[in-house]
Amino acid sequence: MTKKRNTKNNNKKNIDVKSVKKDLEWYYLIPLMLIVAVIPLIVFADNIKLDDVEKLYWKGGETNVDFFSYYKSIFFAATVFVSVILLVLLRLSGEFRFKKSKYYIPVGIYLLFVLVSYLMSDYDVVAKRGFVEQFQGVWVMVAYGLVILAALNLVQNESHVKIMTGSYILLGLAVGVIGLGQYLGLDFFKTDFGKYLILPENLHNIGETLNFKFKDREIYATMYNTNFVGSFADIMMCLSIALFVYVRGSKKTVWAAIFFVLMEIIWIGSNSRAGLVGFLLGAVFIAVFYRKRIKRLAMILVAGIIVMTGLNVYSHGDVFSEFLSMSLSRESERLDDKSEENVRIEDLKFEDNSLCIVTENETLMLTLGEEVLSFYDGDGEQLGVTEDNGVLSFVDEAYSEYEIKVDGEKGRLLVSFHDQEITLYITGKNGFKMRSSGGVIGTTEYPDRLEFMDGYERFATSRGYIWSRSIPMLKDTLLIGHGPDTYAMEFPQKDYVGKMNAYKNATIIVDKPHNMFIQIGVNTGVVSMLALVAVFFMYFMDSMKLYWRRDMSTFLDCLGVGCVTGMIAYLGAGMFNDQIISVAPVFYVLVGLGIAINDILKKKALEE
């Protein structure tokens, strides 16, 4: 009986072995490798023709030269769709079977609402192609979801994980070399060769005058904005620590330490406080997961402090100042500054042929009669005026901060007061109109806002203002968004009072909410945003259960933790940073890779 039973078991094992599909060859990972190691490095100019609606919410002109986003978006979306088509063909040929995964449901919900938001959008061109300098239209947003699924299906074994890790290392080294040069004042993109390398022949004429305006010792790498370098560095810092914890032998330890130091320089050199906050959040979980490898953590901590101190000396104290600036007490002191340059604007009231400028200190009313300008104080008393070369000023000492330049030829007034300047146009029967973004003129808008944020508009580099206007916008996009990348058209750009208190500039364009969750919620709907959050939360909880008791001795253990802490750090920075095409593809591949590593470890545990 026993012998017969064993025979049946052996036959069952033979059947199981035959039914198992062989893992895919490494070259099927090439699309993912390109997305990680190549596409973020693309910097090449194209003169983009603006859509009519974009012109109303941009800096003026018919076109805009883009270097950092347009071609990245095209190649990213194309590469993801090639990868997905490849998987479908492999499935149809019987060479591949999609993994069973709970992540299909939230990703599917996200994709559905992205597509519906696009189809229902009032801004067809922008929703399809993406807004100027961002280019995260519908196909890019769809690709973000699809690349998670592609990565979790394509990465099937430890060899695949090592290949993808190599892609991240190559990207880190390339960005590290470019960024280190920028930090040391040797910006490749400011050399003649660098300029002409990133300019097509039809734009070579702007090569001599081309100049990317960034501060000294500030790294923008290939990513358009230093804040986005901070988000990128958060991911790479976590991965570099994972490699350092794993490696054995003095040579590999030294190389891993060098890679970590290079990523730390990028992290600090980005001067991104969002990046600093993101990694510090990730570091909490790094300490938790690697608590059994305390010696390695201590070594990397000492190395990090040494590098930070050295950079602080090189930057004449800027590094430590940046860290100190994140303190709530420093921020509170800055917001409480009541100097003449920070007088709060309470209102700009446009009525018929008058404008009433209301500040916390005084009120000035401008009225336009029959080609005669008159000025009154808050009590309705007319103010005495003096004129000098077309510049009007007031006799009353309470209005000494005010100057009005009359430009009769263009029918406008340039009004300066309390370190502010507004441009008023005299439009005849329509009275005064004020210049806004894109050369548009209008009167003050009073959008919904979080009133408890009044007075805190300048919080976190004016994020307080943006969030106070953006969060109420979400009530209109609970189900369906306004369309991918359409935030700039929906933001109240004529909120002159808010902009002046936040930026001292009523014409500034607010094209991003500086929060990736608000950004997604406004553009493609709160449901789509929550679906993505569900993906991140499910992956985080799986990782907590999986890695909590592991001793972090294997490559997959360490890289798995590197991926999940990289996600945490990136999302922490995402509370203050936007999602952008220069970094987001690297992040979404990381999420898919991390999920795949978890699946491989669970499968190994079952086999054992």
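If you're wondering where the values come from, they're calculated on a predicted model, not measured in any experiment. (Residues numbered from 1 in each chain as written. Predicted model: local features only at pLDDT ≥ 70, side-chain atom pairs only at ≥ 80, totals over all residues. Heavy atoms only, no water.)

**Here we look at the overall build of the protein**
A tally of helices and strands in the protein yields 22 helices and 13 strands. Taken over C-alpha atoms, the radius of gyration comes to 28 Å for the protein, in line with the 25 Å a tight globule of 608 residues would show. Residue pairs at least 24 apart in sequence account for 70% of intrachain contacts in the protein once pairs closer than 6 positions are excluded. Surface exposure of the protein reaches about 27,800 Å², of which carbon and sulfur atoms provide 59%. Measuring between centres, the 61 positive side-chain charges of the protein sit 21 Å from its 68 negative side-chain charges. (Helix = DSSP H or I, 4+ residues; strand = E, 2+ residues; numbered from the N terminus. Rg over C-alpha atoms; globule rule 2.2 N^0.38 Å. Contact = heavy atoms within 4.5 Å. Areas by Shrake-Rupley, 256 points an atom, 1.4 Å probe, with all protein chains shown as cover. Lys, Arg positive; Asp, Glu negative; His and termini not counted. Charge placed at Lys NZ, Arg CZ, Asp CG, Glu CD.)

**Description of the domain arrangement of the protein**
For the protein, the domain assignment lists domain 1 (32-328 + 514-607) and domain 2 (344-418). If you average the C-alpha positions of domain 1 and of domain 2, the two centres end up 50 Å apart. (Domains from an automatic or database assignment.)

**Things to note about the nonpolar core**
Counting residues in each nonpolar core, the largest one holds 147 residues, and the members touching the most others are Tyr290, Met567 and Tyr588. When neighbours within four sequence positions are excluded, Met567 is seen to be in contact with Phe536, Tyr539, Phe540, Phe587, Leu590 and Val591. Counting 26 residues, the second largest nonpolar core, distinct from the first, contains Ile345, Leu413, Phe417 and Leu424. (Core = buried A, V, L, I, M, F, W, Y, C linked by side-chain atoms within 4.5 Å. Buried < 20%, exposed > 50% of the residue type's maximum accessible area, 1.4 Å probe, protein only.)

**Considering the pairing of strand E5 (residues 363-368)**
Here strand E4 (residues 354-359) runs beside E5; their pairing, made up of five bridges, is antiparallel. For Leu355, the partnering residue across the bridge sits in E5 and is Leu366. If you look at the hairpin formed by E4 and E5, you'll find three residues sitting between the two strands. Connecting E5 to the next strand, strand E6 (residues 373-376), in antiparallel fashion are four residues, including Glu371 with a positive phi near 60°. (Pairing = 2+ DSSP bridges.)

**As for the pattern of salt bridges**
For the structure shown, the criterion picks out 17 salt bridges. We note a salt bridge from Asp448 to Lys475, for which the minimum N-O separation is 2.6 Å. A residue pair is termed long-range when its members are at least 10 positions apart, and Asp448 in the loop between strand E13 (441-442) and helix H16 (459-470) and Lys475 in the loop between H16 and helix H17 (487-490) qualify at 27 residues. By relative accessible area, which is 48% here, Lys475 ends up partly exposed. A salt bridge links Arg449 to Asp454, with the nearest nitrogen and oxygen atoms 2.8 Å apart. In this structure Asp454 comes out as partly exposed when scored by relative accessible area, which is 27%. Linked by salt bridges that have partners in common, Asp52, Lys55 and Glu62 make up one network. (Salt bridge = Lys/Arg side-chain N within 4 Å of Asp/Glu carboxyl O.)

**Re the confidence of the model for the protein**
For the protein, the average pLDDT comes to 91, and 96% of its residues sit at 70 or higher. Across residues 1-20, where pLDDT falls below 50, the model places zero contacts with residues more than four positions away in sequence or in other chains. (pLDDT = per-residue confidence, 0-100.)

**Remarks on the packing of aromatic side chains**
Inspection of the entire model under this criterion finds 40 aromatic pairs. Between Trp58 and Phe131 the ring centres are 5.8 Å apart and the planes differ by 85°, which places this aromatic pair in the edge-to-face class. Of the two residues, Trp58 is situated in the loop between helix H3 (52-55) and strand E2 (63-66) and Phe131 in the loop between helix H6 (124-129) and helix H7 (138-154); the sequence distance between them amounts to 73 residues. Under the relative-accessibility criterion, Trp58 is labelled buried at 3%. Between Phe394 and Tyr402, the ring centres sit 6.4 Å apart and the planes meet at 80°, which makes this aromatic pair edge-to-face. Each of the two residues, Phe394 as well as Tyr402, counts as buried. A network of ring pairs unites the aromatic residues Phe67, Phe68, Phe188, Phe189, Phe193, Phe212, Phe214, Tyr220, Tyr224 and Phe228 as a single cluster. When the ring centre of Trp548 is taken as origin, the NZ or CZ atom of Arg291, which lies over that ring, is 4.1 Å away. (Phe/Tyr/Trp six-rings, centres within 6.5 Å; stacked < 30°, edge-to-face > 60°. Lys NZ or Arg CZ within 6 Å of the ring centre and 35° of its normal.)

**Looking at the side chain of Gln136**
Take Gln136: it is sitting in the loop between H6 and H7. Judged by relative accessible area, Gln136 falls into the buried class, the value being 1%. Among the polar contacts listed, one links the side chain of Gln136 to the side chain of Tyr144, at a separation of 2.7 Å. Residues in contact with Gln136, not counting those within four places in the same chain, are Arg129, Gly130, Met141, Tyr144, Pro484, Asp485, Gln519, Gln579, Ile580 and Ile581. (Polar contact = N/O pair within 3.5 Å; in protein donor to acceptor, adjacent residues only side chain to side chain.)

**Thoughts on the sheet that holds strand E10 (residues 412-417)**
Strand order in the open sheet formed by seven strands is E7-E8-E9-E10-E11-E12-E13, and the pairing between neighbours is antiparallel. Since the sheet does not close on itself, it has two edges, and those belong to strand E7 (385-388) and E13, each with one partner. With four bridges connecting them, E7 and strand E8 (residues 391-394) associate as antiparallel partners. Bridged to Thr386 within E8 is Ser393.

**A few points about unusual backbone geometry**
The phi dihedral of His316 is positive, around 60°, even though this residue is not glycine. By the secondary structure assignment, His316 is in the loop between helix H13 (294-314) and helix H14 (318-324). Note on His316: relative accessible area 68%, which makes it exposed.

**Considerations on the state of the cysteines**
Here the structure, examined in full by the defined rule, presents zero disulfides. Among the cysteines around Cys238, which has no disulfide bond, Cys563 carries the closest sulfur, lying 9.9 Å off. Cys238 sits in the buried class, given a relative accessible area of 1%. Looking at Cys558, it has no disulfide partner, and the nearest cysteine sulfur is the one in Cys563, 11 Å off. (Disulfide = S-S within 2.5 Å.)

**Thoughts on the UniProt feature "domain: O-antigen ligase-related" (unreviewed entry) in the protein**
In the UniProt entry, the feature "domain: O-antigen ligase-related" (unreviewed entry) is given for residues 460-532. As a span, residues 460-532 carries 53% helix and 0% strand, and end to end its C-alpha atoms are 25 Å apart. (UniProt positions renumbered as here; feature names shortened; annotations may be inferred.)

**Quick word on the environment of Asn225**
Assignment of secondary structure puts Asn225 in the loop between helix H9 (192-197) and helix H10 (226-246). On the basis of relative accessibility, which here comes to 24%, the residue Asn225 falls in the partly exposed class. Put simply, Asn225 and Tyr547 are 322 residues apart on the chain and 34 Å apart in space, counted from C-alpha to C-alpha. Here the side chain of Asn225 touches Asn227 through a polar contact of 2.7 Å, landing on its backbone nitrogen.

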